[in-house]
Amino acid sequence: MINFGPHPALPATMANVHDSLFRWAFDLPQRMAGLLACVFPSDLATVLDFRRIDKVPLELLDKDLSEKRTDMVWKIPTHESQSWLFVVVEHQSRARRWMILRVLDYEKCVLQWCREHQAPKRMLPPVVAVVVSHDPRGWKSPTRLREFQPLGRRLVASMGTKLLDADYYLQDLQTQEDAQIRGWPMDAVGTLTLLLLKYGKAKASLTDRFEGWKDLWQQVQGWQGALPRFVWYILSVREDVTTPRLKQALTETLGHEAGEVVMTEAERLMAKGREEGRLLGIQQGVEQGVQQGLEQGVKQGVKQGVKQGLEQGVKQGVKQGVKQGVKKGLDKGLAPLVRLYERRLGRALSSRERTALQERLLKAGPERVGDVVLDLSAQQLADWLADSNAL
């Protein structure tokens, strides 16, 4: 039996699945070195010793995810001297016009960190930024600060080096042919990661490309955790890729065991969606309930006393909030299942079918309603929803 490795840790929210995949794949120094060697122009790449690339233990605040990260800054020694080039690597799933301002902020943080931690203290290393984008629309915004400033030639000439300027290296995956990406010096996991990111948000079919990537799929079997991670990513970002379709595609490419990985990751995603919906619903319900209860309590307090009214308002608010929260949690948790059922049927669920699905979820449990949508054909699934005695 092939061991495909541990399941990937699901992100806190489904909004950062692209970044999670990129960070997982390019946390390995050899892969990051292969990527940067292709991003940098040849005259710069030839003076860098990529074999000794190292991660810098510096925390930067990710502006998109609002979290501190220690995987954004790397340093590469040069062949010519004892100096190092510090590199900030930023991944973007959509183009951002004002990325240069974010880059300036990151580079400033790196320089401050170097001033405090690097020797000699009187000198600072060069710092550059690299942005890797896979926005399907391509990256249209300028990368250089000067391009945002309508300056006259005389002003630029008179200020010289006193005029602040900055730029960053951009790797737009949408401008790269698949053959070019496959030719970059990295293993199959890194290459397949970039290809999946490139087509993850594209309108064109993703699974139709699997045959051309067959050699890459076969090679990633030797890397623990890679296949579950890729399956999780595809099911998370592609609405047109159903679980049965992905299972069939990977079974044909890698065999039956790979198809089972698809089923496992699909079940985990459904479970996460239900749990997120339940928790969010309860939280919102409690907040709304407490607010409504407080308002009602204040009104009652006019007649019965502010103190007594507030106490009753909070009590009623919490009670009402929990009740609303449970209901909202069920509705939110049902949303991923409704989406899967509608995909399977090829149409929207009727109000009667939604009610039936909700009742089955309470009676039969999430595992049963999850198995049904994966195991039955579209017609069988419709009959199952219509049969009030079915479980």
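Residues numbered from 1 in each chain as written. Predicted model: local features only at pLDDT ≥ 70, side-chain atom pairs only at ≥ 80, totals over all residues. Heavy atoms only, no water.

Enquirer: Hey, could you run me through the nonpolar core in this one?
Expert: It is characteristic of soluble globular proteins that their nonpolar side chains tend to be buried jointly. If you look at the biggest cluster of nonpolar residues, it comprises 60 residues, and the most contacted ones within it are Leu 35, Leu 36, Phe 40, Trp 213 and Trp 217. Not counting residues up to four positions away in its chain, the partners in contact with Leu 36 are Phe 50, Ile 53, Ile 76, Val 87, Val 89 and Val 130. By size, the runner-up hydrophobic cluster in this structure holds 22 residues, among which are Leu 58, Phe 86, Trp 113 and Leu 145. (Core = buried A, V, L, I, M, F, W, Y, C linked by side-chain atoms within 4.5 Å. Buried < 20%, exposed > 50% of the residue type's maximum accessible area, 1.4 Å probe, protein only. Contact = heavy atoms within 4.5 Å.)

Enquirer: What's the story with helix α7 (residues 188-200) in this structure? I'm lost.
Expert: Taking 1.5 Å of rise per residue, 13 residues should cover 18 Å, and α7 covers 17 Å from first to last C-alpha, within 8% of that figure. Counting buried residues in α7 gives 13 out of 13 residues, a clear majority hidden from the surface. (Helix = DSSP H or I, 4+ residues; strand = E, 2+ residues; numbered from the N terminus. Expected span 1.5 Å × (residues − 1).)

Enquirer: In this structure, what is going on with the packing of aromatic side chains? I would like to understand it.
Expert: In this description, a pair of aromatic rings is defined by centroid distance and the angle of the planes. A complete count under the given rule lists nine aromatic pairs for this structure. Each ring, one from Tyr 199 and one from Trp 213, has its centre 6.0 Å from the other, and the planes form 40 degrees; the classification is tilted. Separated by 14 residues along the polypeptide, Tyr 199 in helix α7 and Trp 213 in the loop between α7 and α8 (214-220) bring together distant segments of the chain. For the pair Tyr 199 and Trp 213, one class covers both residues: buried. Summarising the aromatic geometry, the rings of Phe 210 and Trp 217 are spaced 5.0 Å apart at their centres and angled 65 degrees between planes, so their arrangement reads as edge-to-face. Ring pairing ties together the aromatic residues Trp 24, Tyr 199, Phe 210, Trp 213, Trp 217 and Phe 230, which thus form one cluster. Directly above the aromatic system of Trp 223 lies the positively charged group of Arg 31, at a separation of 4.4 Å from the ring centroid. Here Lys 75 stacks its cationic end above the ring of Trp 84, 4.7 Å away from the centre of that ring. (Phe/Tyr/Trp six-rings, centres within 6.5 Å; stacked < 30°, edge-to-face > 60°. Lys NZ or Arg CZ within 6 Å of the ring centre and 35° of its normal.)

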